[in-house]
Amino acid sequence: MASKIGCAFNYSGNKIRHKNIVESILPKEDNLSVLDLFYGAGSLTSTLNPTWSIIANDLESRLMDIHIMLRKLTWHRDAQWLVEELVSYGKMFIKDKNDREGYLAARDYYNNMPDTLLGEMNKGKVMLLYILLCSSFSNQLRWCDQGNWNIPHGLRNFNRSMQNNLLRYIVDISKRDMIFTSQDFRSFNLPNWDLVISDCPYLKTTASYNESGGWTLKDSVALMTKLGKYHDSGGKFIMFEESFSKGVENTVITSWMRNYNVTILGDSSAGSNYQRKSGKTVELMIHNF
């Protein structure tokens, strides 16, 4: 199943491996309105019921620029053309997965490019960010405090498998009613939607998007409070988290989730470059329907 799912890139924490389990509990109605608060690589939401209208949101605006670019370019050309353009563009900077010097040079070039040209999105910079992401260590996404991309080279590139996944993803988003936004989750009035999906950063997990206080206990409590009020208003939600991470219990989650349905997804370390050295890790899907 996973091999047939499109994903924009190999983003840490994507839910491709759990898609069958998630689909088994999804509402069966057509024409629902859906809000994805933490869209990431879009591997789950982009393949939902094609009649559903979707707001795909992520606070990282540079990440969302990639999705916006992919959607806009397919309005003018087909998906295969866009993938081929990305392959050609990438080879201008990085020859192959072993080209560390090319990667570092491309990283420096990216960091010196303007974000916009004539007030519009700099397509070249967004495309280069995508190429860097495909070649970075563990396909991580991170900028330092000065705003520069600083992930090291990862001995990988925009290979055939990633090209095929991207092609499927572009086809998926091109035929759906989707709007891409970049806002803090607190800004949304959740009762405006029939279903809310929350794949937030895991509180007890250290990842490139969750370093230096990127996601805190305060954020988790605010999110759970917001989802709880949404539940009280009659809305449906799905939230992903971990009850244990490397043996450390997430007591905030284990207490809060008692009010809802819980499906155990498994060990989130599967397929990761980081090896869990001690203690159990339990990944969950919490849902109120």
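To keep things clear, this report deals only with the structure shown in the data block. Nothing here was measured: the structure is a model prediction, and the numbers come from that model.

### A look at the environment of Leu155
So, point 1. With respect to the secondary-structure elements, Leu155 resides in the loop between helix H5 (123-135) and helix H6 (160-174).
So, point 2. Each C-alpha atom of the pair Leu155 and Tyr103 lies 9.7 Å from the other, and the pair is 52 residues apart in sequence.
So, point 3. Ignoring sequence-local partners within four residues, the contact set of Leu155 consists of Lys97, Asn98 and Ser135.

### Digging into the packing of aromatic side chains
So, point 1. For the coordinates displayed, the defined rule picks out 13 aromatic pairs.
So, point 2. Considering the side-chain rings of Phe9 and Tyr130, the 6.1 Å spacing of their centres and the 55 degrees angle between planes classify their relative orientation as tilted. With Phe9 in the segment before helix H1 (19-25) and Tyr130 in helix H5, the pair connects residues that are 121 residues apart, well separated along the chain. By the burial criterion, Phe9 is buried, and Tyr130 matches it.
So, point 3. Measuring from centroid to centroid gives 5.1 Å for Phe237 and Tyr260, while their planes differ by 75 degrees, and the two rings are edge-to-face. Note that Phe237 is positioned in strand E7 (residues 236-245) and Tyr260 in the loop between helix H8 (251-256) and strand E9 (261-266), a separation of 23 residues in sequence. Per residue, the accessibility class of Phe237 equals that of Tyr260, and both read buried.
So, point 4. Ring pairs connect the aromatic residues Phe9, Tyr130 and Phe158, which therefore count as one cluster.
So, point 5. One Lys or Arg, Lys15, reaches over the ring of Phe240 and ends 5.1 Å from the middle of that ring.

### So, the pattern of salt bridges
So, point 1. Evaluated as defined, the whole model comprises 10 salt bridges.
So, point 2. Glu283 is the partner of Arg17 in a salt bridge, and the nearest nitrogen-oxygen pair spans 3.4 Å. In this pair, Arg17 is assigned in the segment before H1 and Glu283 in strand E10 (residues 282-287), connecting sequence segments 266 residues apart.
So, point 3. A relative accessible area of 1% means that Glu283 is categorised as buried.
So, point 4. For Asp115, the salt bridge is made with Lys125, and the minimal N-O distance between the two is 2.8 Å. Of this pair, Asp115 sits in the loop between helix H4 (100-111) and strand E3 (116-117) while Lys125 sits in helix H5, placing them 10 residues apart in sequence.
So, point 5. For Asp115, a relative accessible area of 57% gives the class exposed.
So, point 6. Accessibility expressed as a relative area gives 9% for Lys125, which makes it buried.
So, point 7. When salt bridges with common partners are traced through the structure, they connect Lys15, Arg17, Asp199 and Glu283 into a single cluster.

Criteria and thresholds
Residues numbered from 1 in each chain as written. Predicted model: local features only at pLDDT ≥ 70, side-chain atom pairs only at ≥ 80, totals over all residues. Heavy atoms only, no water. Helix = DSSP H or I, 4+ residues; strand = E, 2+ residues; numbered from the N terminus. Contact = heavy atoms within 4.5 Å. Phe/Tyr/Trp six-rings, centres within 6.5 Å; stacked < 30°, edge-to-face > 60°. Buried < 20%, exposed > 50% of the residue type's maximum accessible area, 1.4 Å probe, protein only. Lys NZ or Arg CZ within 6 Å of the ring centre and 35° of its normal. Salt bridge = Lys/Arg side-chain N within 4 Å of Asp/Glu carboxyl O.

Honestly, that's just the spatial picture; any functional story needs more than this.
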